[in-house]
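Understanding the architecture of this molecule
If you want the building blocks of each chain, they are given just below.
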Amino acid sequence: MKNLDYRFALQRITTILAVVALALVLLAALTGVALAFYYEPTAGGAYRSLEFITRDVSGGSIIRSLHDIAGNALIGVALLQLVVMFLGRQFRPSWLSAWVSGIFLVLVAIGASWTAIILDWNQTGYWRFKLEMKTIEAIPWVGESLREILTGGGVGSLAVEHMYTLHSYLLSAIALILSVLHLAALVYQERDRQQFSKTLDRLISDS
Ligand code: HEM
């Protein structure tokens with residue numbers, strides 16, 4: 001019985017973490033849209049516009065920090081959640097949708113952070129992005145084409161635009177869908193658990 005309580009507690013923690021993950025995605029999306037009002041996705045322009053947001057736009061630096069915190073915390077929370085699910089040994093087939101959406105949410109959050117490497121067009125981001133592109137280029141057969149798709153050629157305005165599109169349209173929409181699906185799958189499991197507990201109580205009181 002104690003083991004069952006422990007697993008139920010872990011299940012509740014998983015659901016709470018899924019709510020936190022959804023809140024972080026919403027916060028990242030909202031602050032991202034706020035940044036987009038002033039952000040200029042071009043080489044050089046990206047750096048200047050973010051400096052302008054930080055220094056001259058009222059509340060700009062807070063919005064930027066919130067976006068940074070929400071985006072990076074999402075990776076941690078989504079990962080932590082998988083660990084809690086694993087500790088709760090939730091390996092029944094009914095948990096499949098929670099596992100699949102949870103794992104993809106982690107990957108998409110990492111993808112959002114990765115596509116943001118070049119978005120601020122500073123020295124670190126620029127050289128790191130160049131290095132990443134060299135690694136991608138080295139992938140046999142598909143490397144060259146993949147680099148071409150991601151950058152549109154060299155590391156310049158087109159690359160910033162490509163990364164910005166992937167980051168702000170594609171990945172953020174997928175993150176939103178996955179976090180909602182993930183939470184829905186966990187709430188479904190909670191309801192299942194409540195029904196199971198009721199049946200167990202009835203069986204105990206009948207015997
Ligand atoms: C679920 C949605 C999103 C996630 C998880 C996310 C995540 C991130 C992360 C991790 C960074 C890097 C922050 C850093 O470490 O400096 C970033 C930067 C950025 N994101 Fe997003 N983002 C999301 C949505 C959006 C949207 C919708 C937009 C615009 C419409 C956007 C625009 C930007 C811009 C312009 C930057 C560069 C800002 C900077 O370097 O301070 N993001 N994002």
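Values in this document were obtained by computation on a predicted structure and should not be read as measured data.

1. So, a nonpolar patch on the surface
Among the surface-exposed residues, Tyr6, Val83, Phe86, Leu87 and Phe91 lie close enough to one another that they form a single nonpolar patch of about 530 Å² accessible area. Sort the elements by how many residues they give to the nonpolar patch and helix H3 (residues 60–87) lands first, with three residues. In this structure, phenylalanine 86 sits in helix H3.

2. Structural notes on the site of the ligand
In the neighbourhood of the ligand, 22 residues make up the surrounding shell, with Gly32, Arg64, His67, Asp68 and His167 lying closest. Side-chain polar atom of asparagine 72 to an oxygen atom of the ligand: 3.3 Å apart, as the coordinates give it. Elements represented by at least two residues in the shell around the ligand include exactly helix H1 (2–36), H3, helix H4 (96–115) and helix H7 (157–206). Broken down by element, the residue count for the shell around the ligand peaks at six residues, all from H3. When the residues that make up the shell around the ligand are grouped by side-chain class, the tally is eleven nonpolar, eight polar and three charged.

3. Description of the packing of helix H5 (residues 123–137) against helix H6 (residues 143–151)
With their axes 7 Å apart at the nearest point, H5 and H6 run at an angle of 145° to one another. Between H5 and H6, the residues in contact are Phe129, Met133, Ile136 and Glu137 and Gly143, Glu144, Leu146, Arg147, Leu150 and Thr151, respectively.

4. Focus: H3
Here H3 spans 40 Å end to end across 28 residues, near enough to the 40 Å set by a 1.5 Å rise per residue. Looking at H3, one finds that the buried residues are Gly60, His67, Ala70, Leu74, Ile75, Val77, Ala78, Gln81, Leu82, Val84 and Met85. Phi for arginine 89, located one or two positions after H3, is positive at around 50°.

5. Thoughts on the confidence of the model for the protein
Across the protein, pLDDT averages 94, with 98% of residues at or above 70. By mean pLDDT, the top-scoring element of the protein is helix H2 (residues 45–55) (98), and the lowest-scoring one is H7 (91).

6. Considering unusual backbone geometry
Non-glycine residue tryptophan 121 carries a positive phi angle of around 45°. Along the chain, tryptophan 121 falls in the loop between H4 and H5. In this structure, tryptophan 141 takes a positive phi of about 65° despite not being glycine. Checked against the element boundaries, tryptophan 141 lands in the loop between H5 and H6. Under the relative-accessibility criterion, tryptophan 141 is labelled exposed at 85%.

7. Observations concerning the nonpolar core
Membership of the largest hydrophobic core comes to 29 residues, with the highest contact counts inside it found for Leu74, Trp95, Ala98 and Leu105. Sorting the residues of this core by element identifies H1, H3, H4 and H7 as the ones contributing at least two each.

8. Digging into the pattern of salt bridges
Applying the stated rule across the entire model yields five salt bridges. Across the pair arginine 147 and glutamate 137 runs a salt bridge whose closest N-O atoms are separated by 2.9 Å. Linking arginine 147 in helix H6 with glutamate 137 in helix H5, this pair joins segments that are ten residues apart in sequence. For glutamate 137, a relative accessible area of 27% translates into the label partly exposed. Among the salt bridges present, the one from arginine 147 reaches glutamate 148, with a minimum N-O distance of 3.7 Å. Note on glutamate 148: relative accessible area 40%, which makes it partly exposed.

Basis of the calculations
Residues numbered from 1 in each chain as written. Predicted model: local features only at pLDDT ≥ 70, side-chain atom pairs only at ≥ 80, totals over all residues. Heavy atoms only, no water. Patch = residues over 30% accessible without salt bridge, like charges linked within 9 Å, V, L, I, M, F, W, Y side chains within 5 Å. Areas by Shrake-Rupley, 256 points an atom, 1.4 Å probe, with all protein chains shown as cover. Salt bridge = Lys/Arg side-chain N within 4 Å of Asp/Glu carboxyl O. Helix = DSSP H or I, 4+ residues; strand = E, 2+ residues; numbered from the N terminus. Near = heavy atom within 4 Å. Polar contact = N/O pair within 3.5 Å; in protein donor to acceptor, adjacent residues only side chain to side chain. Nonpolar A, V, L, I, M, F, W, Y, C, P; charged D, E, K, R; others polar. Axes fitted to C-alpha atoms, helices over the stretch in contact; angles between N-to-C directions. Contact = heavy atoms within 4.5 Å. Expected span 1.5 Å × (residues − 1). Buried < 20%, exposed > 50% of the residue type's maximum accessible area, 1.4 Å probe, protein only. pLDDT = per-residue confidence, 0-100. Core = buried A, V, L, I, M, F, W, Y, C linked by side-chain atoms within 4.5 Å.

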